[in-house]
Amino acid sequence: INFLYVAGSHPNKRHHLWPEIIFNLKVKGMNVRLVTTIAEGDYLDSLRKSFNELGISDHLINVGAVLPEHVASLVSIADGVTNTALLESFSNNFVEAWEMKKPLIVTDADWSRGCCGKGAIFIEPLEPVKAAGKILEHYESNGKLEQLLCNGNQQLNSLPSKLEGYNLFKSIILRVLK
């Protein structure tokens, strides 16, 4: 199983919490790899070191920085999409996951619940045992996973169209300028 995390190398993204989660999933019998899009450098080196220290270096795959037009192809081959940032605005990765019927795993926070509704598995990455349990709970139950995907589709359909979004932003800007 491959979980895709499309994000650059910034501590807010909290990639560094994934080794413990992956380790706990492995202990519970789930063979998971984290696929990242991090540029080479100290941040990635530190992440690799954490995976190595837990004896799970083969559970991290880094494809390097990816152009926006190539993200969809990565999502299409993933078994789940994740975003465990501490704070985030709405992410295009949510839309791509829902559009391609991929489970979405996100930080349990007000911002993510506001963005995702019931269309995501919400985890607390600072609690890796509980986070792994929550992920397993969904991936071991076809019914829960199917419901999650249905909820993601409903969330996707509730979003404004591009034209509606444009008109909404335009009205906000015009209101501010008056």
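Residues numbered from 1 in each chain as written. Predicted model: local features only at pLDDT ≥ 70, side-chain atom pairs only at ≥ 80, totals over all residues. Heavy atoms only, no water.

(A) Up close: a nonpolar patch on the surface. Together, L168, I172 and V176 make up a nonpolar patch on the protein surface, roughly 280 Å² of accessible area in all. Looking at the element boundaries, L168 is found in helix α8 (residues 162–177). (Patch = residues over 30% accessible without salt bridge, like charges linked within 9 Å, V, L, I, M, F, W, Y side chains within 5 Å. Areas by Shrake-Rupley, 256 points an atom, 1.4 Å probe, with all protein chains shown as cover. Salt bridge = Lys/Arg side-chain N within 4 Å of Asp/Glu carboxyl O. Helix = DSSP H or I, 4+ residues; strand = E, 2+ residues; numbered from the N terminus.)

(B) Region of interest: helix α6 (residues 128–139). For α6, with twelve residues, the first-to-last C-alpha span of 16 Å sits near the 16 Å given by 1.5 Å per residue. P128, A131, A132, I135, L136, H138 and Y139 are the residues of α6 that are buried. Along the axis of α6, the buried residues cluster in a sector spanning 165 degrees; they form a single face. (Expected span 1.5 Å × (residues − 1). Buried < 20%, exposed > 50% of the residue type's maximum accessible area, 1.4 Å probe, protein only. Arc of directions from axis to C-beta.)

(C) Helix α7 (residues 142–158), seen in detail. Its 17 residues give α7 an end-to-end C-alpha distance of 24 Å, which sits within 8% of 24 Å, the value for a rise of 1.5 Å per residue. For α7, every residue scored as buried is listed here: L145, L148, L149, N151, G152, Q155 and L156. Axial view of α7: buried residues confined to an arc of 160 degrees, hence all on one face. Within α7, the exposed residues directed more than 90 degrees away from the buried face are N142, E146, N157 and S158. Where the residues of α7 are buried, they touch α4 (92–99), β5 (104–107), α5 (110–116), β6 (121–123) and α6. (Contact = heavy atoms within 4.5 Å.)

(D) Here's a closer look at the packing of α4 against α7. Their axes nearest at 9 Å, the elements α4 and α7 cross at an angle of 125 degrees. With respect to α7, the axis of α4 lies oblique. As α4 runs across α7, the sense of the crossing is left-handed. Each of V95, W98 and E99 in α4 lies in contact with α7, whose residues at this interface are G152, Q155 and L156. A per-class count over the contact of α4 with α7 returns three nonpolar, two polar and one charged. (Axes fitted to C-alpha atoms, helices over the stretch in contact; angles between N-to-C directions. Parallel < 35°, antiparallel > 145°, perpendicular 65-115°, else oblique. Left-handed = near helix turned anticlockwise from the far one by under 90°. Nonpolar A, V, L, I, M, F, W, Y, C, P; charged D, E, K, R; others polar.)

(E) Just the pairing of β5, in detail. Pairing between strand β4 (residues 80–83) and β5: three bridges, direction parallel. The residue bridging T82 from the neighbouring strand is I105, located in β5. Pairing of β5 with β6 involves three bridges; the strand directions are parallel. Among the inter-strand pairings, V106 is bridged to a residue of β6, identified as F122. Traced from β5 through α5 to β6, the parallel crossover comes out right-handed. (Pairing = 2+ DSSP bridges. Right-handed = clockwise from strand over helix to strand, strands pointing away.)

(F) Focus on the nonpolar core. F3, W18, L25, L104, C116 and I135 are the most contacted members of the largest nonpolar core, which totals 47 residues. Sort the elements by how many residues they give to this core and α6 lands first, with five residues. (Core = buried A, V, L, I, M, F, W, Y, C linked by side-chain atoms within 4.5 Å.)

(G) Broad picture of the sheet that holds strand β2 (residues 33–36). Spatially, the six strands line up as an open sheet ordered β3-β2-β1-β4-β5-β6, and their pairing is parallel. The open sheet is flanked by β3 (60–62) and β6, the only strands paired with a single partner. Ignoring strand direction, the axes of neighbouring strands in this sheet form an average angle of 25 degrees. As paired elements, strand β1 (residues 2–5) and β4 share two bridges and run parallel to each other. What sits directly across from L4, in β4, is V81. Lying over the sheet, α6 contacts β1, β4, β5 and β6, oriented at roughly 165 degrees with respect to β6.

Any link to function would need more than the numbers given here.
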